[in-house]
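Per-entry structural report
Residues per chain, in single letters:
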Amino acid sequence: MSKNKKSNSDNIRKPIIYTAQFLEFISTPLAVKFAKKLFTSPIKHKIPKREFEMDKNAKQKLVFIPAIKKEIMVYEYGNSDKKVILVHGWSGRGTQLVKIADKLLELGFSTISFDAPAHGKSPGKTTLMTEFIESILELEKQFGKFEFIIGHSLGGMSTLNSIKKGLDVKKAIIVGSGDSVNDILFDFVNRLKLKSKIAVKMRESFEKEYQIDMESYSAYVAAKDVKVPVLVMHDKQDEDVPYTASENINKHLENSKLLLTENLGHRKILGDKEVINQIAQFINN
């Protein structure tokens, strides 16, 4: 994500920040361990009223993902053979893209969505983007080819990485996606009010533990291998992820359209009528 991101410490409670700072003062390894745990632990939010209908009408079942040895809650919404997969962001839910799902049902599609590991009704406490990606790829095996994929925030990064790894779709839509894993790490550490070296140590620790190059999962990197048409959407007043991230992703895509909105922020964009109409238009063209 861009370096000009406005830091927002409000969504990390002060006792957590004080604990992180205390640990940094007494021991860098302890601070790194604490920050890693926080970074991989999503917050499970209650389902808001606007999602009740989808939660009630979708067929729900736990599906085992062999690659990560975890179960996820999957939502089948609608009865059409033409399926679209929806991917929520960090601390989101499988019903979060309900307004988009309802529009897709109107257009003759059904949707498959899921609570990522450690999210919503899925068991577990910790997860990483790699587990989002494995979940998407396994659902393609189990439910057959998807027509399209729509991802929000971390779900947008997971979308591009899934296509890079072989997910076969006609088009993709990403909304409010970050672009760089490194920048996300540095921003997270900044919000904990810790020194930048903690982010570097976290990255080194993750890479050693999982035997991966974290930056290789950045959306702008994955974008270079994505050949299908992609609609990239982002709000200029997004305080969670700067819209410059989507501008950067868009530069690296071969066949894309960038749409910037105003005054919708990071989540309200998912329910905006004009945004949903643009998605419908992109799918239909």
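What counts, and at which threshold
- Residues numbered from 1 in each chain as written.
- Predicted model: local features only at pLDDT ≥ 70, side-chain atom pairs only at ≥ 80, totals over all residues.
- Heavy atoms only, no water.
- Helix = DSSP H or I, 4+ residues; strand = E, 2+ residues; numbered from the N terminus.
- Rg over C-alpha atoms; globule rule 2.2 N^0.38 Å.
- Buried < 20%, exposed > 50% of the residue type's maximum accessible area, 1.4 Å probe, protein only.
- Areas by Shrake-Rupley, 256 points an atom, 1.4 Å probe, with all protein chains shown as cover.
- Expected span 1.5 Å × (residues − 1).
- Contact = heavy atoms within 4.5 Å.
- Polar contact = N/O pair within 3.5 Å; in protein donor to acceptor, adjacent residues only side chain to side chain.
- pLDDT = per-residue confidence, 0-100.
- Arc of directions from axis to C-beta.
- Patch = residues over 30% accessible without salt bridge, like charges linked within 9 Å, V, L, I, M, F, W, Y side chains within 5 Å.
- Salt bridge = Lys/Arg side-chain N within 4 Å of Asp/Glu carboxyl O.
- Pairing = 2+ DSSP bridges.
- Axes fitted to C-alpha atoms, helices over the stretch in contact; angles between N-to-C directions.
- Phe/Tyr/Trp six-rings, centres within 6.5 Å; stacked < 30°, edge-to-face > 60°.
- Lys NZ or Arg CZ within 6 Å of the ring centre and 35° of its normal.

**A short note on the overall build of the protein chain**
From N to C terminus, the protein chain includes 11 helices and 8 strands. Relative to the compact-globule value of 19 Å for 285 residues, the protein chain shows a C-alpha radius of gyration of 18 Å, a close match. In terms of principal-axis extent, the alpha carbons of the protein chain reach across some 60 × 35 × 35 Å. Residues classed as buried in the protein chain amount to 55% of the 285 residues present. Summed over all atoms, the accessible surface of the protein chain reaches about 13,200 Å², with 50% contributed by carbon and sulfur.

**With respect to helix α11 (residues 273-284)**
In an α-helix, one full turn covers 3.6 residues, which means residues spaced three or four apart are oriented alike. Over its 12 residues, α11 runs 16 Å from end to end, which matches the ideal 16 Å to within 8%, given 1.5 Å per residue. Among the residues of α11, those classed as buried are Val275, Ile276, Gln278, Ile279, Ala280, Phe282 and Ile283. Buried residues belonging to α11 abut α4 (98-106), β5 (148-152), β6 (171-175), β7 (230-235) and β8 (256-261). One side-chain oxygen at the N-terminal end of α11 lies 3.2 Å from the backbone nitrogen of Glu274; it belongs to Asp272.

**Some thoughts on unusual backbone geometry**
Although it is not a glycine, Ala118 adopts a positive phi angle of roughly 70°. Mapped onto the elements of the fold, Ala118 is located in the loop between β4 (110-115) and α5 (129-143). Take Ala118: its relative accessible area is 2%, and that puts it in the buried class. Backbone geometry places Ser153, a non-glycine residue, at a positive phi of 60°. By the element assignment, Ser153 lies in the loop between β5 and α6 (154-164).

**Details of the confidence of the model for the protein chain**
Any segment with low pLDDT has predicted coordinates that should not be analysed in fine detail. Taken over all residues, the pLDDT of the protein chain has a mean of 95, while the share at 70 or more is 96%. Residue range residues 1-10 is modelled with pLDDT below 50. Its contacts to residues more than four positions away, or to other chains, number 28 contacts.

**Quick notes on helix α1 (residues 14-26)**
When the terminal C-alpha atoms of α1 are compared, their 18 Å separation across 13 residues agrees well with the 18 Å that a helix rising 1.5 Å per residue should span. Of the positions making up α1, those classed as buried are Ile16, Ile17, Ala20, Leu23 and Glu24. End-on view of α1: buried residues confined to an arc of 130°, all on one side of the axis. Relative to its buried face, α1 has exposed residues pointing more than 90 degrees away, namely Lys14, Pro15, Tyr18, Phe22 and Phe25. Its buried side turned inward, α1 meets α2 (28-39), α7 (181-191) and α8 (196-210).

**Quick word on a nonpolar patch on the surface**
Nonpolar side chains collect at one region of the surface, where Phe22, Phe25, Ile26 and Leu30 lie side by side and expose about 470 Å² of accessible area between them. Relative to the helices and strands, Phe25 resides in helix α1.

**A look at the pattern of salt bridges**
Following the criterion strictly, the structure yields 11 salt bridges and no others. A salt bridge links Arg93 to Glu51; the shortest N-O distance between them is 2.6 Å. Of the two residues, Arg93 is situated in the loop between β3 (83-87) and α4 and Glu51 in the loop between α2 and α3 (52-57); the sequence distance between them amounts to 42 residues. Note on Glu51: relative accessible area 0%, which makes it buried.

**Remarks on the sheet that holds β7**
Read from one edge to the other, the open sheet built from 8 strands follows the order β1-β2-β4-β3-β5-β6-β7-β8, with strand pairing classed as mixed. Across the chains shown, the open sheet's two edge strands, defined by having one partner strand only, are β1 (59-65) and β8. The sheet shows a mean angle of 20° between the axes of neighbouring strands, direction not considered. Inspection of the sheet shows β7 paired to β8 by 6 bridges, in the parallel sense.

**Side note on the packing of aromatic side chains**
Counted by the stated rule, this structure contains 5 aromatic pairs. Within the aromatic cluster, the residues linked to one another by ring pairs are Phe39, Phe188, Phe206 and Tyr210. Over the ring of Phe206 we find Lys36, and its NZ or CZ is 4.9 Å from the ring centre. Looking at Lys82, its charged tip hangs above the ring of Phe109, at a distance of 4.6 Å from the centre.

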